[in-house]
Amino acid sequence: MPAPAPPSPVIRVSHLTKRFGAQVVVDDLSFEVAAGETLVLLGPSGCGKTTLLKTLNRLIEPDGGTIEINGRDVRQQAPEALRRGIGYVIQQVGLLPHYTVAQNVGVVPGLLGRPAAETAARTAALLERLHLPAARFADMLPAQLSGGQQQRVGLARALAADPPVILLDEPFGALDPITRAAVRRDFRELDELRRKTVVLVTHDVTEAFELADRIMLLNNGRIQQLGAPRELLEHPANDFVRSFFQAERLALQMRVTTLAEVLPFVESTGPGGPAPAPAGAPALPATASVQAAVALLGETGTGHLRIEGAPQPLALGQLLAAFGRALGQAGAGGG
Ligand SMILES: Nc1ncnc2c1ncn2[C@@H]1O[C@H](COP(=O)(O)OP(=O)(O)OP(=O)(O)O)[C@@H](O)[C@H]1O
Ligand SMILES: [Mg+2]
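Note that the structure is predicted; figures quoted are calculated from it, not measured. Sequence order as written defines residue numbering, which begins from 1 separately in each chain. Going through the entries in the order they are written, you letter the chains from A and number the ligands from 1. Reporting of local features is limited, given that this is a predicted model, to residues whose pLDDT is at least 70; pairs of side-chain atoms are given and counted only at 80 or more, and all residues count toward the totals for whole chains, interfaces and linings. Side-chain measures were taken over the full set of non-hydrogen atoms in the model, leaving aside hydrogen atoms and water.

Numbered from the N terminus, helices here are DSSP runs of H or I no shorter than four residues, and strands are runs of E no shorter than two. Of the regular secondary structure elements, the protein holds 16 helices and 13 strands. Its C-alpha atoms give the protein principal-axis dimensions of about 75 × 50 × 45 Å. The buried label applies to any residue whose accessible area, calculated with a 1.4 Å probe on protein chains only, is under 20% of its type's maximum; exposed applies above 50%, and partly exposed to all values in between. Sorting the 335 residues of the protein into buried and exposed places 44% on the buried side. Long-range contacts, defined here as pairs at least 24 residues apart, represent 65% of the contacts in the protein between residues at least 6 apart. Contacts: residue pairs with any heavy atoms within 4.5 Å of one another.

Topologically, asparagine 219 is positioned in strand S9 (residues 214–219). Among all residues touching asparagine 219, those that are not within four sequence positions of it are Pro44, Cys47, Gln224 and Phe240.

With that out of the way, let us pick up the site of ligand 1. In this text, near means that some heavy atom of the residue lies within 4 Å of the molecule or strand in question. In the neighbourhood of ligand 1, 14 residues make up the surrounding shell, with Ser45, Gly46, Lys49, Thr50 and Thr51 lying closest. A 3.5 Å cut-off defines polar contacts: any pair of N or O atoms within that distance qualifies, except that in protein one atom must be a possible hydrogen donor and the other a possible acceptor, and neighbouring residues in sequence count only when both atoms are side-chain atoms. Between serine 45 and ligand 1, the recorded distance is 2.5 Å, taken from a side-chain N or O atom to an oxygen atom. Threonine 51 has a polar side-chain atom sitting 2.5 Å from an oxygen atom of ligand 1. Counting only elements with at least two residues in the shell around ligand 1, the list comes to strand S2 (23–34) and helix H1 (49–56). Among the elements that make up the shell around ligand 1, the one with the highest residue count is H1 (3 residues). Throughout this entry, Asp, Glu, Lys and Arg are counted as charged residues, while Ala, Val, Leu, Ile, Met, Phe, Trp, Tyr, Cys and Pro are counted as nonpolar. The remaining residues, Gly among them, count as polar. Of the residues in the shell around ligand 1, the class split is 4 nonpolar, 8 polar and 2 charged.

Attention now moves to the pattern of salt bridges. Only one rule defines a salt bridge in this text: a Lys or Arg side-chain nitrogen within 4 Å of an Asp or Glu carboxyl oxygen. Counted according to the given criterion, the structure contains 18 salt bridges. Between aspartate 204 and arginine 180 there is a salt bridge whose closest N-O contact spans 3.5 Å. With aspartate 204 in the loop between strand S8 (197–202) and helix H10 (205–211) and arginine 180 in helix H8 (residues 177–189), this pair connects stretches of sequence that are 24 residues apart. Exposure remark for arginine 180: the relative accessible area of 11% places this residue in the buried category. The shortest N-O distance in the salt bridge between arginine 242 and aspartate 239 comes to 3.7 Å. Separated by 3 residues within a single helix, arginine 242 and aspartate 239 lie in helix H12 (residues 239–246), roughly one turn from each other. When its relative accessible area of 40% is taken as the criterion, arginine 242 is described as partly exposed. The structure contains a network of salt bridges with shared partners spanning Arg180, Arg184, Arg188, Asp204, Glu207, Glu210 and Arg255.

Boundary definitions for the domains trace back to an automatic or database domain assignment. What the domain assignment reports for the protein is domain 1 (9–247) and domain 2 (257–268 + 276–332). Look at where the C-alpha atoms of domain 1 and domain 2 centre, and you get two points 35 Å apart.

With that out of the way, let us pick up the nonpolar core. General note: in soluble globular proteins, nonpolar side chains tend to be found buried as a group. Within the largest apolar cluster, 44 residues are counted, with the highest numbers of intra-cluster contacts made by Leu168, Phe172, Phe187, Leu200, Ile215 and Phe245. When residues of this core are assigned to their parent elements, the largest contribution, 5 residues, is made by helix H7 (residues 147–159). The contacts of phenylalanine 187, once residues within four sequence positions are left out, are Leu155, Leu168, Phe172, Leu193, Leu200 and Leu211. Put simply, a nonpolar core is a bunch of buried Ala, Val, Leu, Ile, Met, Phe, Trp, Tyr and Cys residues held in one set by side-chain atoms that sit within 4.5 Å of each other.

Here we come to the packing of aromatic side chains. In this scheme Phe, Tyr and Trp rings, the latter by its six-membered ring, pair at centre separations within 6.5 Å, and the angle between planes marks the pair as stacked below 30 degrees, edge-to-face above 60, and tilted otherwise. Applying the stated criterion to the full structure yields 3 aromatic pairs. With a centroid separation of 5.6 Å and an interplanar angle of 75°, the aromatic rings of phenylalanine 209 and phenylalanine 245 are classed as edge-to-face. On the criterion of sequence distance, the pair formed by phenylalanine 209 in helix H10 and phenylalanine 245 in helix H12 is long-range, its members being 36 residues apart. Residues phenylalanine 209 and phenylalanine 245 agree in their burial class; the two are buried. The interplanar angle of 35° and the centroid separation of 5.7 Å between the aromatic rings of phenylalanine 240 and phenylalanine 244 together place this pair among those described as tilted. Residue phenylalanine 240 and its partner phenylalanine 244 are both found in helix H12; the two are separated by 4 residues, about one turn of the helix. Look at phenylalanine 240 and you get partly exposed, because its relative accessible area is 21%. Within the aromatic cluster, the residues linked to one another by ring pairs are Phe209, Phe240, Phe244 and Phe245.

What follows is the structure, encoded as structure tokens:
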């Protein structure tokens, strides 16, 4: 059977360049984003992430290069019309302070002339899914919300008109780590986002690994590497890429390594074999990550984990030792 044709890109950027004065902020970038893909723009502060994102919906006009969205050059479209077709969350959330939560979420559907009843229903449904029940939150003003709640409203607003393309600039920025993880989980679990083409900016490597199909790592306006998270981690294109992930290498490696990869390296513990696992030890499929297994063991407080398809339950120590051996093996193999 012939391989299915790859989906045509929704976003196609070629030789994009943007200068501010003498500084080249976006330097001859070319890339594509496929339908339904989540591309994460990652890089240090000031490397050009926001500038690049804003050229995609013409909040910033580039000095050179072209951008096509769904096969159309964005310059052929009026900026306002273009922007109504693209969801956008700016770096500082940017809710309209004198509009209620529901009015903020309904801005773009209103501009598009959607029926008010339809917009109200969709707004309520979105707020509900983001854990902001409309009965309580719809009529509140942004200033009455916490930072995390405001960011959820920002997400709901970007999704309200059901645009096929969404641009998100640090949508979880300025949140404490616990709220950040919770908002991110809501985000990941939103079915609507799975169908959308998403470009998301962050400088948080864990966030990038959690959300990205592919990561574009930028420095000084240039692509250092563009690929699957695992490629960047295990096959860095240069020293910048290598050092960017260095501090969190082990944690990231746990995220990209599956239990199936680790199982061949499990050794039984001593002559008596492994201690019997308590009844009700939690189970995970072998396709789950080592990170998911460690997290589950931590959450449930049980010492053992059953891996579907594996003969014996594993203790945390066995799992980590096997993970270490698998890593050593990969390193010894020259990877
Ligand atoms: N309007 C502007 N005028 C002049 N320089 C600008 C302007 N906007 C951005 N810059 C410069 O362009 C560079 C890239 O800025 P940009 O906002 O794209 O960075 P970023 O990667 O989003 O950073 P951060 O992670 O801090 O948000 C910075 O050096 C910034 O000072
Ligand atoms: Mg920025």
